[in-house]
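A look at the structure
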Amino acid sequence: MATHTIRVHGDPVLRQATQLVTDIDGVLERLVQDMIETMYAAPGVGLAANQVGVQKRLFVWDIGDGPFVAINPVVTGHDGEWSYDEGCLSVPGLFWPIVRPKEVHLDAVDLHGDELSIDADEMLARVFLHETDHLDGKLLLERLDPQQLKEAKRTLRDRDLHLDSR
Ligand code: ZN
C-alpha cells in the first residue's frame, strides 16, 4: 500500500465531476487500499478519489467502525437538518459550522459489486454528503454563506502568501 498526496483547493481536479466506475478490478482494489491508507495518514474520516487526483466516482470512509468504500454512490432521501463544524482535507486546518440534512440514504456498490443501501444520520450522513459533493466537483467552500466565504478567502490568501514567502 502507498499513500497519495491529497490535492488542495485551487487544484482543478477538485472542480471536475468524476466518472462512473465501470470495472471493479485489481487496479481499483489497489486504489481503494491506497485511499484508505491516505485517509488514515491525514488523518480524516472520508476521502474521495478526486482528492488524490483520480477522476472516478468512489470514496472511502471510517467514522470508527470501518474502513468502507462506496463505489458509484448516490445520496437520496434527505431529512431534517443540523449544523456541525465541518472541515476538509483539501482545505486543511479550517472548519466552519455547516448546515446539512440530518438523515440521508446512500446507494452504492462495494468492491465485490454487491449493493450497499445505507440509512445514515448525523456524522455518517455528513460524510456521505461531503464526499459525494467532492465526486460532483464541489468543495466545502461552496457550502459557505457569503460572509464565511469572504473570511475563508482572506484566510486562504494570507496563508498562501505566507507559504509563498518561505
Ligand atoms: Zn473534503
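See above for the structure.
The shown structure was predicted, so the numbers you read here are calculated from the model rather than taken from an experiment. (Residues numbered from 1 in each chain as written. Predicted model: local features only at pLDDT ≥ 70, side-chain atom pairs only at ≥ 80, totals over all residues. Heavy atoms only, no water.)

This paragraph deals with unusual backbone geometry. At the junction of Ala42 and Pro43, the peptide bond is cis and its omega measures out at -10 degrees in the coordinates. Considering the arrangement of structural elements, one finds Pro43 in the loop between helix 1 (26-41) and strand 1 (46-48). In this structure, the amide linkage connecting Gly66 to the following residue, Pro67, adopts the cis form with an omega of 10 degrees. In this model, Asn72 sits at a positive phi of 50 degrees, which is unusual for a non-glycine residue. Within the secondary structure layout, Asn72 lies in strand 3 (residues 68-79). A positive phi is found at Glu122, a non-glycine position, where the angle reads about 45 degrees. Tracing the chain through its elements places Glu122 in helix 2 (residues 122-135). (Helix = DSSP H or I, 4+ residues; strand = E, 2+ residues; numbered from the N terminus.)

As a further point, take the packing of aromatic side chains. Per the stated rule, a full pass over the model turns up five aromatic pairs. Ring geometry for Phe59 versus Trp61: centroids 5.7 Å apart, planes at 50 degrees, classification tilted. Residue class for Phe59 comes out buried when judged on its relative accessible area of 0%. Given the relative accessible area of 4%, Trp61 is considered buried. Taking the centre distance of 5.9 Å and the plane angle of 50 degrees together, the rings of Phe59 and Phe128 count as tilted. Taken as a pair, Phe59 in strand 2 (residues 58-61) and Phe128 in helix 2 lie far apart in primary sequence, 69 residues in all. As far as burial versus exposure is concerned, Phe59 and Phe128 are alike and both buried. Members of the aromatic cluster, connected to one another through ring pairs, are Phe59, Trp61, Phe68 and Phe128. Against the face of Trp82 rests Arg126, its NZ or CZ located 4.5 Å from the ring centre. (Phe/Tyr/Trp six-rings, centres within 6.5 Å; stacked < 30°, edge-to-face > 60°. Buried < 20%, exposed > 50% of the residue type's maximum accessible area, 1.4 Å probe, protein only. Lys NZ or Arg CZ within 6 Å of the ring centre and 35° of its normal.)

Helix length check: helix 1 (16 residues) gives 23 Å between terminal C-alpha atoms against 22 Å at 1.5 Å per residue, within 8%. Those residues of helix 1 that sit buried are Leu28, Leu31, Val32, Asp34, Met35, Ile36, Thr38 and Met39. Looking at the buried side of helix 1, the elements it contacts are strand 1, strand 2 and strand 3. Looking at where helix 1 begins, the residue whose side-chain oxygen comes 3.3 Å from the main-chain nitrogen of Val27 is Asp25. (Expected span 1.5 Å × (residues − 1). Contact = heavy atoms within 4.5 Å. Polar contact = N/O pair within 3.5 Å; in protein donor to acceptor, adjacent residues only side chain to side chain.)

A separate point is the coordination of the zinc ion. Note on the zinc ion: its protein donors are Cys88 (SG), His130 (NE2) and His134 (NE2). The metal-donor distances range over 2.0 to 2.3 Å. Considered as a linear motif, the donors of the zinc ion on their single chain read C-x41-H-x3-H. With a gap of 42 residues between them, Cys88 in strand 4 (residues 82-88) and His130 in helix 2 connect regions that are remote in the sequence. Just as Cys88 is buried, His130 falls in that class too. (Donors = N, O, S within 2.8 Å, 3.2 Å for Na, K, Ca; no water.)

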